[in-house]
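Summary of the model geometry
Given next are the chains, with one letter for each unit.
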Amino acid sequence: MSISRRKFLGWMGAAGATATVGKSAKAASNKHFTGYPEGLGVLHDITACVGCRECEAACNKVNELPEPDKPFKDTSVLDQKRSATTKAYTVVNKYDAPSKAKAPVFRKMQCNHCLEPACASVCFVAAFSKQPAGPVVYDPTVCVGCRYCMIACPFEIPTYEYDDPFTPEVKKCTMCAPRIANGQLPGCVEACPKEALIFGKRDNLLKIAKEKIRKHPDRYIDHVYGEHEMGGTSWLYISGVPFNEVGMREDLGVTPAPSLTSGALHVVPMIVGLWPVFLAGMYGMTKRREKIAVEEKKKAVSHALEKANSEAEEKLALALEKANQDKEKALKQAQQEKEKAVKEALASTAETKPAKEDS
Amino acid sequence: MSEQLISENKTLFTPFNVIAGIIVIIGLVITFLRFTKGLGTVTNLSDTSPWGIWIGFDLMCGVALAAGGYTVSSACYVFGMKKYHAAVRPAILTAFLGYATVLVSLVYDVGRPVRLAMAYPFVVQQGTTSLLFEVGLCVMIYLSVLFLEFTPIPLEWLGLKKIRNIMIKLTMVLTIFGVVLSTLHQSSLGALFLIAPSKLHPLWYSPYIAVYFFVSSIIAGLSMVIFEGTLSHKAFHGKMDKTYLEEHDPLVLQFGKAASLVLAGYFSIKIIGIAADNNWHLLVTPYGLWFLVELLGFVALPCFLYAIGARDKNLKLIRFTAGWTVFGIVLNRLNVSLIAFNWQKPLSERYIPSLMEIGLSVFMVTALIIAFKFIATNMPVFHEHPDYKETH
């Protein structure tokens with residue numbers, strides 16, 4: 001089954017009406033989002049691409065980009081691996097895929113227009129938005145130039161005008177959003193002479209891709225790249241060789257980018273709510289402990305004083321008693337000695353008396 | 001007359017002043033180039049490496065190493081370690097200057113600094129699904145909080161008693177604000193990388209990365225207070241009063257003990273992270289060995305050294321370990337943001353900072369030190385102002 005580009009063009013009128021409203025991706029959402037129902041996309045049949053670079057030339061023209069160093073007719077540039085730049089939103093690369101060694105394989109790259117874009121979820125001024133019609137678009141009037149979108153994009157698509165000192169912008173494929181809104185095809189799709197690019201509703205493109213794979217199992221790998229990668233992309237790919245042989249990562253997983261950060265974002269309000277309670281509680285406990293410590297100290301001091309006082313009194317009493325006893329003892333002794341002395345004196349006088357009488 | 005000139009020359013051309021002067025001149029030249037010729041002229045940034053050392057070092061490390069502010073103020077005012085009161089001011093000052101430097105670095109790094117200064121993300125259009133939005137908001141508010149916490153220092157210096165007394169009354173509220181904001185943005189700096197599992201090496205990428213960043217910021221805070229106290233002792237000994245000097249040694253001991261404990265916890269959760277993702281097999285790869293250098297050399301080892309230092313009351317060992325740990329935190333932040341980022345790419349496609357990028361980072365650190373030196377020399381930082389003794 002093959003659908004002509006002209007037929008897809010007819011669908012544009014309906015799409016144009018919905019292409020005007022932008023909406024940002026929600027990071028913290030528990031809904032299962034599988035893309036806007038009427039969303040448009042492009043199916044890239046890698047097996048059909050011949051590396052003519054017509055798409056690059058068309059992209060350059062419709063986006064009014066500067067003239068390249070080498071003309072688009074020159075296919076010698078294909079010998080080098082290229083990435084999109086600020087001056088070329090799409091590039092075609094040539095791969096000598098090992099599983100199909102005879103002929104080289106060509107693959108076009110550009111923004112994949114994720115259903116839930118990483119760039120949109122990480123932009124702190126919400127400069128990126130996913131339009132219900134499909135394109136992920138960028139608003140240069142709010143961009144601060146933090147380049148977090150470039151860190152986040154798993155396909156390494158956004159590029160930055162590092163050499164512009166005053167008004168640098170992020171540059172990337174727009175899926176020709178303005179042209180789509182006017183009922184036109186994206187520049188690259190219109191220019192492709194081999195129908196390696198098919199434009200239409202993403203849902204239909206998926207059906208076409210699977211139908212192609214079903215009809216030609218010998219020609220295609222049984223996988224539609226972009227159906228689920230990073231939660232799904234508006235651009236879809238089918239290939240005759242494993243995707244990692246044409247420079248496409250197969251380890252990205254199926255988790256939409258916003259889900260990667262939603263957990264961390266969910267914790268934030270909880271910390272704002274509970275941390276002050278915890279800290280105030282700690283502060284209260286510390287204060288109370290200090291108060292108790294002060295009171296206990298006071299108690300201990302007064303207790304010690306009391307104890308010292310009573311001990312002193314006891315000692316005093318004991319000392320007094322002892323002194324009394326000593327006094328009495330001394331008095332007694334003195335009395336005894338006195339009596340003894342008197343007795344002795346009396347005795348001696350008694351002795352001397354008879355002696356006197358004797359003489 | 002001529003003698004006076006010579007003596008003036010002598011005081012002006014100290015080794016510190018000469019080196020700092022040269023760095024400042026180089027920094028100003030780079031500044032001129034950055035704002036007239038663009039980022040492309042001065043940096044090695046590319047479309048695949050959009051963040052360089054101005055983010056990886058100036059922002060990531062700057063914020064982590066400024067964690068001493070919230071760590072010490074919460075220890076002193078919330079957790080009741082009042083006896084370390086004298087360490088609060090130097091820590092708050094470092095944090096305030098650190099965050100201010102981070103902000104200035106960002107002005108250099110972003111493409112449209114005027115829009116950053118005009119707070120576009122908060123005023124014009126809010127990207128609330130972005131962790132960077134949260135980081136930006138928290139850092140902005142926290143810088144204000146730090147400024148308010150810092151104001152008693154210049155207010156005492158200027159003799160504005162009334163305002164100073166009002167600011168002192170706000171201490172408790174500001175401290176709690178500071179801890180909440182720090183918890184949020186310290187952790188969110190790590191969470192920034194949650195979006196890029198395909199680019200950051202799985203040993204560093206973890207669903208727990210936010211917790212790692214927060215816990216390691218506590219370690220950074222404790223270690224920085226010890227580390228920077230040691231440096232200050234050499235530079236500002238004459239400015240330190242009896243209270244500061246008396247409290248300093250027990251503080252070093254206690255903070256060393258605390259750092260050992262937190263490092264032990266951090267080590268455990270890092271191991272749990274490897275187990276949770278079942279990444280054991282990656283430990284024997286080259287990146288795995290590098291990961292082990294960080295984990296064993298800069299987490300397990302300082303944990304152990306701090307513990308020995310605390311047990312033996314070996315202040316020298318604790319001070320050395322503090323410096324070692326600070327280096328380890330810097331290494332961790334650089335690993336996450338630069339070294340283990342884009343790990344699958346061949347070296348030719350990897351980011352290596354340009355000389356001018358390094359020059360500007362050195363300029364930033366130097367500017368911070370000059371500001372710290374000026375304030376610590378002239379204002380009541382390491383000593384209590386004579387008018388306010390016994391008032392807190």
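Residues numbered from 1 in each chain as written. Chains lettered and ligands numbered in written order. Predicted model: local features only at pLDDT ≥ 70, side-chain atom pairs only at ≥ 80, totals over all residues.

Now for the overall build of chain A. When you go through chain A residue by residue, the secondary structure sums to eight helices and nine strands. With 359 residues in all, chain A has 38% of them scored as buried. Contacts in chain A between residues at least 24 apart in sequence constitute 67% of all its contacts with a sequence separation of at least 6. (Helix = DSSP H or I, 4+ residues; strand = E, 2+ residues; numbered from the N terminus. Buried ≥ 20, exposed ≤ 12 C-beta atoms within 10 Å, placed from the backbone. Contact = placed C-beta atoms within 7 Å.)

This part covers the environment of A:Ser310. All names here are of chain A. One can find Ser 310 in helix H8 (residues 257-358). Judged by C-beta crowding, with 10 C-beta atoms within 10 Å, Ser 310 ranks as exposed. A C-alpha to C-alpha distance of 49 Å links Ser 310 and Glu 344, two positions 34 residues apart in sequence.

Bringing the pairing of strand S8 (residues 197-201) of chain A into the picture now. Residues and elements named next belong to chain A. Within S8, four of the five residues are buried, which leaves it mostly tucked inside the rest of the structure. Taken together, the five bridges between strand S1 (residues 40-45) and S8 define a ladder with antiparallel strand orientation. Note on S8: the bridge partner recorded for Val 42 is Phe 199. (Pairing = 2+ DSSP bridges.)

All right, on to the interface of chain A and chain B then. Contact residues are listed per partner, giving 51 residues for chain A and 45 residues for chain B. Elements supplying a minimum of two residues to the side of chain A that touches chain B: helix H3 (118-122), helix H4 (148-152), strand S6 (159-160) and H8 of chain A. Classifying every residue of the side of chain A that touches chain B gives 36 nonpolar, six polar and nine charged. (Nonpolar A, V, L, I, M, F, W, Y, C, P; charged D, E, K, R; others polar.)

Here we come to the nonpolar core. One finds A:Cys119, A:Cys123, A:Cys149, A:Ala152 and B:Ile219 to be the most contacted residues of the largest nonpolar core, which totals 196 residues. No other element matches the 13 residues that helix H13 (residues 209-236) of chain B contributes to this core. Dropping the residues within four chain positions of it, A:Ala152 is found in contact with A:Ala118, A:Cys119, A:Val122, A:Ala257, B:Ile195 and B:Ala196. (Core = buried A, V, L, I, M, F, W, Y, C linked by C-beta atoms within 7 Å.)

All names here are of chain A. Despite not being glycine, Ala 126 has its phi angle at roughly 50°, a positive value. Along the polypeptide, Ala 126 turns up in the loop between H3 and strand S4 (128-130). The class of Ala 126 is buried, set by 22 C-beta atoms lying within 10 Å. The phi dihedral of Met 175 is positive, around 60°, even though this residue is not glycine. In this fold, Met 175 is placed in the loop between strand S7 (170-171) and helix H5 (177-181). C-beta crowding within 10 Å serves as the criterion here: with 28 such atoms nearby, Met 175 is assigned to the buried category.

Glancing now at the pairing of strand S9 (residues 235-238) of chain A. All names here are of chain A. What you see with S9 is no split at all: Trp 235 and Tyr 237 on one side and Leu 236 and Ile 238 on the other are buried throughout. Looking at chain direction, S1 and S9 are connected through four bridges and run parallel. The residue of S9 that forms the bridge with His 44 is Tyr 237.

Here we take up the domain arrangement of chain A. Residues and elements named next belong to chain A. The domains assigned to chain A are domain 1 (5-255) and domain 2 (257-325). The straight-line distance from the C-alpha centre of domain 1 to that of domain 2 is 67 Å. Listed by partner, the interface residues are 13 residues for domain 1 and eight residues for domain 2. Its residues assigned to classes, the side of domain 1 that touches domain 2 comprises eight nonpolar, three polar and two charged. (Domains from an automatic or database assignment.)

Residues and elements named next belong to chain A. In spatial order, the strands read S8-S1-S9; together these three strands make up an open sheet with mixed pairing. Where the open sheet ends on each side, the last strands, each with one partner, are S8 and S9. The average angle at which neighbouring strand axes cross in this sheet is 25°, direction not considered. The strands touched by helix H7 (residues 202-215) are S1, S8 and S9; relative to S8, the strand with the most contacts, the crossing angle is about 135°. (Axes fitted to C-alpha atoms, helices over the stretch in contact; angles between N-to-C directions.)

Turning our eyes to something else, we now look at helix H14 (residues 242-276) of chain B. Residue and element names in this part refer to chain B. For H14, spanning 35 residues, the distance from its first C-alpha to its last is 50 Å, which sits close to the expected 51 Å at 1.5 Å a residue. Remark: the principal bend of H14, roughly 35°, maps to His 248, with a proline, Pro 250, within the next four residues. Contact partners of the buried residues in H14: H13, helix H15 (286-311) and helix H16 (315-339). Asn 278, located one to two residues past H14, shows a positive phi value of around 50°. (Expected span 1.5 Å × (residues − 1). Bend = angle between axes of the 7 residues up to and from the residue.)

Residue and element names in this part refer to chain B. Direction vectors running N to C along helix H6 (residues 88-109) and helix H9 (residues 131-150) enclose 145°, while the axes themselves pass 9 Å from each other. The crossing of H6 and H9 is left-handed. Contacts from Ile 92, Leu 93, Ala 95, Phe 96, Tyr 99, Ala 100 and Leu 103 of H6 reach H9 at Val 139, Tyr 142, Leu 143, Leu 146, Phe 147, Glu 149 and Phe 150. Of the residues that constitute the contact of H6 with H9, the class distribution is 13 nonpolar, no polar and one charged. (Left-handed = near helix turned anticlockwise from the far one by under 90°.)

A few words on the packing of H13(B) against H14(B). All names here are of chain B. Contact geometry of H13 with H14 gives a least axis separation of 9 Å together with a crossing angle of 155°. The angle between H13 and H14 places the two elements in the roughly antiparallel class. For H13 against H14, the interelement crossing comes out left-handed. Judged by residue contacts, Val 211, Tyr 212, Val 215, Ser 216, Ile 218, Ile 219, Leu 222, Ser 223, Val 225, Ile 226 and Gly 229 of H13 engage His 248, Val 252, Phe 255, Gly 256, Ala 258, Ala 259, Val 262, Leu 263, Gly 265, Tyr 266, Ile 269 and Lys 270 from H14. Among the residues forming the contact of H13 with H14, the class breakdown is 16 nonpolar, six polar and one charged. (Parallel < 35°, antiparallel > 145°, perpendicular 65-115°, else oblique.)

Residues and elements named next belong to chain B. Within the element layout of this structure, Ala 300 appears in helix H15. We classify Ala 300 as partly exposed; it has 18 C-beta atoms within 10 Å. In sequence terms Ala 300 and Ala 191 are 109 residues apart; their C-alpha atoms lie 24 Å from each other. Discounting residues that sit within four places of it in the chain, Ala 300 has contacts with Phe 267 and Leu 295.

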